[in-house]
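Structural characterization, general
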Amino acid sequence: MSQSSRFAFKLPRTLGSIETWGFGFSGLLLWLGTAPAMNAALGIGSLWVWIPGAVIGTLLNLQVRQLGVHDQDRSGGTPNYATQLLHKFPFLARYSAIGYWLGWVSVPPMNAIILTDLIQVSLEPLGVDCPVTAFRILFTLLPYIVTFSNSRTVGILHAFFVIPAISCLLVFCLQGFSWLSFSPQSPGLFAPIPFNLDFTDWAKWFFVAIYAVYGCETASSFVADSRKPRRTLDCLVAAAIALPIVYVLGSWLLARLAISPRLGDSAYLHLMATAGPFWGSLTPGLVTFLIASGCLLSSATAVSNCPRVLYQLAQDRHLPALFSVVSPRGVLEPGLLFTLGVSLLCLAWGNVSRVVMVTGTGYLSAMMGIHLGLWLQRKRPEVRWPRWSLLFLVMEAIVFVVGGLAWGWQDWLIGLLLPMAVGVAAQGVGNCPIALCQPAWWSHRYRPRPINIQRDWVVFQVTVLILLLCGAVSIGWFARAGLDRFSFGSHGAVFSIVLITVAFLGVAIACWTSLSQMAAMTEARDRLERTLSELQRTQLQLVQSEKMSSLGQLVAGIAHEINNPVNFIYGNLEHVRTYAQDLLRLLQLYAKYYPEPVAEIQEEQEAIELDFLEEDLTKILASMKVGSDRIREIVLSLRNFSRLDEAELKAVDLHEGIDSTITILKHRLKAKANRPAIDILREYGNLPPIECYPGQFNQVIMNILSNAIDALEEATANRDYQDLQVQRQWIRIRTRIQEVELPSTNPTGSSLSDGKPSTRSKWLVVGIADNGPGIPLDIQRRIFDPFFTTKPIGKGTGMGMSISYQIVVEKHQGRLECFSQVGEGTEFLIQIPLNLGAKCKS
């Protein structure tokens, strides 16, 4: 695959641990939007909703982490793990994943409405009119603008604000709990929790709580493009620890301190009433900072998360390949555009409660899908607590029906059908003939081009900085002039909103001005480094190939020189055997008719031991025949292995090449002082002549077999000879023809589905397995990297498996994969298409 295609369809690992942890903690901020409304409706009874929700959310985090550890290349997180668990039910898998996507896609417009309303309330005392529509559109577009520029930019911006936001939230919970426990002004820590909560009300609000309390697993969505996947997954554990603190302890504070019926369901007023006793005059600014940061940060998480869900659905062929397109900077632009379109539709609807209800229906269906998948795949090692998953599934199904209908059957029905409608719309977009909807158009757009950096970039940079600084000073001046007419303490909320908004706006402007030039320079440097690395690798591969070519010529020459005298000996041995038998038969006739020879003949018979000579001569001739056969076999194996006359693509007997390679390595397979012989288990299928590059293919077999023998020899160091005789070491070679279902090829050369029917193709599969010590996971990931070796100096260069990978993947357009379990053994799987000649011509 070309470089452009590789960038277009592979998510690069660019995110650091801090960025992914920032995204992972955003779910805790969702409490700010749901808890006050629930407190207004249920009071202290809301704890009966939050406590079981926190328990399930904590277990869900730990389970998702376990799934992520077993599949660190899967993007999108929880919903895409569900599609893998539900692979036998593709419709249900896609439905639940799109439902999860809908739950997040509505977050930016809903937060935009909440932020605009908060600004409007804050500006009214200043006598400033708020342009509601413009602000709602601005806050909806803001995270998209940043995300479109660079995948990592929004992660860094997000991490910068999420740390103080989460810290502030945890301080709110812990400081409030301490004040409630020890302050003389406290109404008391404990209060009776009523047990008369109506089940319908409980189900109704648990329906809403799931929308927030299950949302602390978002770090898993970024595992595939994280530079340290395991570190990213550790965030799920940290979020699971913080989850009960925020959702249970924070809700307890609301229930004890925000008790006035005049507060309504306003998040701002509930938090003000709760934090006021222990935060004092800082309360307005800090509460507004919490709400504003919660809105913008959860929006940024949603905008980053949603395209990754679509990306993995496309990778798994549930959606067209258009949604798997990735820019060199890691931006999923087609997925972002589709998500933006649906977000704007939610904003146009404008009814926050109804949009939350409709999209929450799809989100709850996704959570039911993950628990159903965990139960169905309960025997898999990565599945934990399957019986609890079944219990949660039953409970969620009841809540889905009872709670959903309690909010309104029309919205519930719309939410039930919406994932199917979105799936159809996505398929329609992917199959649209417009160039913008074709992966080839995006792949062409991402082709490496000469970097057009402005000639006088310093002037451009200074101009941008002047505009930004002057704009910031001007805004600050006029804002200060307006606030001077009032008490700043009463309007610190405005300052918090302006601070976060200006930060997002400043980064957005920089992303499309100065940062784009810096990114271009970084890309040029990275491209130069990649080119240099590829040149070095190519140079070493050429040197290695030249060495192999020279060795092949030497081997072939020696084999040819040995072959002539060996053939002479081999051809005359049969005549010698015949002559010897004739002479011995003649001697037997003499002995029969002249049993009493003269004394001199008798003495000579005794001297030469005629009886022994007659018996041993036949054995010697038989041994010479076996030895000459062995020499001819070795010579033929050397010629077959070198294949100098077959350097081009041609059809050959693959088994003959494998047997020749085994013959050359036979000296390493024989028994030694510290171990018995290594058994070779041949499980050959019925293969037709295979089109390949025979010499290079034999080189791959040689490299894999040599590594297998090395591994088995290393494993004998700590084992007794008797133990090795009981549990013998073996290498198994399997060959077969396998029919593989492949997606139709799009113009970019990618093998991803683009909605067109898939095709079936026959492939050759060669499996080489051993019962050695196995390969650790961290080494498996690098086993095909050039210069990587675990052998001591002088025992290996680290180029063997890299060259083998190049021969199989690039030369034969196939696949070379490694499967290993520590302590159980290793298997290398070589797969090449049978119609390689036709593919090369095309």
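Residues numbered from 1 in each chain as written. Predicted model: local features only at pLDDT ≥ 70, side-chain atom pairs only at ≥ 80, totals over all residues. Heavy atoms only, no water.

Details of the pairing of strand β7 (residues 825-833)
- Of all nine residues that make up β7, eight are buried, and the element is covered over most of its length.
- Sheet analysis places strand β6 (residues 815-821) next to β7, joined by seven bridges and oriented antiparallel. Counted as the bridge partner of arginine 815 is glutamine 831 from β7.
- Hairpin connection from β6 to β7: three residues lie between these consecutive antiparallel strands, with glycine 823 at a positive phi of about 90 degrees. (Buried < 20%, exposed > 50% of the residue type's maximum accessible area, 1.4 Å probe, protein only. Helix = DSSP H or I, 4+ residues; strand = E, 2+ residues; numbered from the N terminus. Pairing = 2+ DSSP bridges.)

Digging into the packing of helix α10 (residues 199-213) against helix α16 (residues 386-407)
- Look at α10 against α16: their axes get within 8 Å of each other, and the N-to-C directions meet at 100 degrees. In terms of orientation, α10 lies roughly perpendicular with respect to α16. Listed contacts from α16 to Phe199, Thr200, Trp202, Ala203, Lys204, Trp205, Phe206, Phe207, Val208 and Ile210 of α10 are Met395, Glu396, Ile398, Val399, Phe400, Val402, Gly403, Gly404, Ala406 and Trp407.
- Partitioned by chemical class, the residues of the contact of α10 with α16 number 15 nonpolar, three polar and two charged. (Axes fitted to C-alpha atoms, helices over the stretch in contact; angles between N-to-C directions. Parallel < 35°, antiparallel > 145°, perpendicular 65-115°, else oblique. Contact = heavy atoms within 4.5 Å. Nonpolar A, V, L, I, M, F, W, Y, C, P; charged D, E, K, R; others polar.)

Describing empty space enclosed by the protein
- Evaluated as defined, the whole model comprises five cavities of 30 Å³ or more.
- Estimated volume of the largest cavity: approximately 60 Å³.
- Taken together, Leu59, Leu60, Gln63, His371, Leu374, Arg384, Trp385, Trp388, Ser389 and Phe392 form the lining of the largest cavity.
- Only α4 (47-70), α15 (352-376) and α16 provide two or more residues apiece to the lining of the largest cavity.
- As a volume, the second largest cavity reaches approximately 50 Å³.
- Lining the second largest cavity, in full, are Thr147, Ser151, Pro307, Arg308, Gly330, Val331, Leu332 and Leu336. (1 Å grid on protein atoms, 1.4 Å probe; cavity = no way out; pocket = protein on both sides within 12 Å on 5 of 7 lines; lining within 4 Å. Points joined across faces, edges and corners; volume = space filled by probe spheres on them.)

Here's the deal with the nonpolar core
- Leu28, Trp31, Trp101, Phe172, Tyr214 and Tyr247 are the most contacted members of the largest nonpolar core, which totals 125 residues.
- Considering every element that reaches this core, the biggest residue donor is helix α13 (residues 283-315), with 15 residues.
- Setting aside chain neighbours within four positions, we find tryptophan 101 in contact with Cys306, Val309, Leu310, Phe338, Thr339, Val342 and Val422. (Core = buried A, V, L, I, M, F, W, Y, C linked by side-chain atoms within 4.5 Å.)

Structural notes on helix α8 (residues 132-149)
- In this model, α8 (18 residues) spans 26 Å end to end at C-alpha, consistent with the 26 Å of a helix rising 1.5 Å per residue.
- Taken as a whole, α8 has its buried residues at Phe139, Thr140, Leu142, Pro143, Tyr144, Val146, Thr147, Phe148 and Ser149. (Expected span 1.5 Å × (residues − 1).)

Regarding the environment of glutamine 72
- When you line up the elements, glutamine 72 lands in the loop between α4 and α5 (78-85).
- Under the relative-accessibility criterion, glutamine 72 is labelled buried at 9%.
- Taking the C-alpha atoms as reference points, glutamine 72 and aspartate 225, 153 residues apart in sequence, are found 9.3 Å from one another.
- Non-local contacts of glutamine 72, meaning those with residues more than four positions away in its chain, are made with Arg13, Val223, Ala224, Pro229, Arg230 and Arg781.
- A polar atom in the side chain of glutamine 72 sits 3.4 Å from the backbone oxygen of valine 69. (Polar contact = N/O pair within 3.5 Å; in protein donor to acceptor, adjacent residues only side chain to side chain.)

Brief notes about the packing of aromatic side chains
- All told, the structure shown has 21 aromatic pairs when counted by the stated rule.
- Between phenylalanine 199 and tryptophan 202, the aromatic rings sit 5.8 Å apart at their centres with planes inclined by 25 degrees, giving stacked as the arrangement. Residue phenylalanine 199 and its partner tryptophan 202 are both found in helix α10; the two are separated by three residues, about one turn of the helix.
- On the accessibility criterion, phenylalanine 199 (45% relative accessible area) is partly exposed.
- Ring geometry for tryptophan 202 and phenylalanine 206: centres 4.9 Å apart, planes at 20 degrees, overall stacked. Of this pair, tryptophan 202 and phenylalanine 206 both sit in helix α10, four residues apart, which is roughly one turn of that helix.
- Among the aromatic residues, ring-to-ring pairing joins Trp31, Phe172, Trp179, Phe278 and Trp279 into one connected group.
- The ring of tryptophan 375 carries arginine 378 above its face, with NZ or CZ at 4.1 Å from the centroid.
- Geometry around tryptophan 763 places arginine 815 over its ring, the cationic atom sitting 4.7 Å from the centre. (Phe/Tyr/Trp six-rings, centres within 6.5 Å; stacked < 30°, edge-to-face > 60°. Lys NZ or Arg CZ within 6 Å of the ring centre and 35° of its normal.)

Quick look at the state of the cysteines
- Counted by the stated rule, this structure contains zero disulfides.
- As a non-bridged cysteine, cysteine 173 has cysteine 168 as the owner of its nearest cysteine sulfur, 9.9 Å distant. (Disulfide = S-S within 2.5 Å.)

Some remarks on the pattern of salt bridges
- Applying the stated rule across the entire model yields 14 salt bridges.
- When the shortest N-O distance is used, the salt bridge between aspartate 710 and arginine 668 registers 2.5 Å. Pair noted here: aspartate 710 is in helix α26 (residues 694-715) and arginine 668 is in helix α25 (residues 666-669), with a separation of 42 residues, a long-range link.
- Take arginine 668: its relative accessible area is 17%, and that puts it in the buried class. (Salt bridge = Lys/Arg side-chain N within 4 Å of Asp/Glu carboxyl O.)

Points about α26
- Spanning 22 residues, α26 covers 32 Å between terminal C-alpha atoms, matching the ideal 32 Å at 1.5 Å per step.
- Most of α26 sits inside the fold, with 17 of its 22 residues counted as buried.

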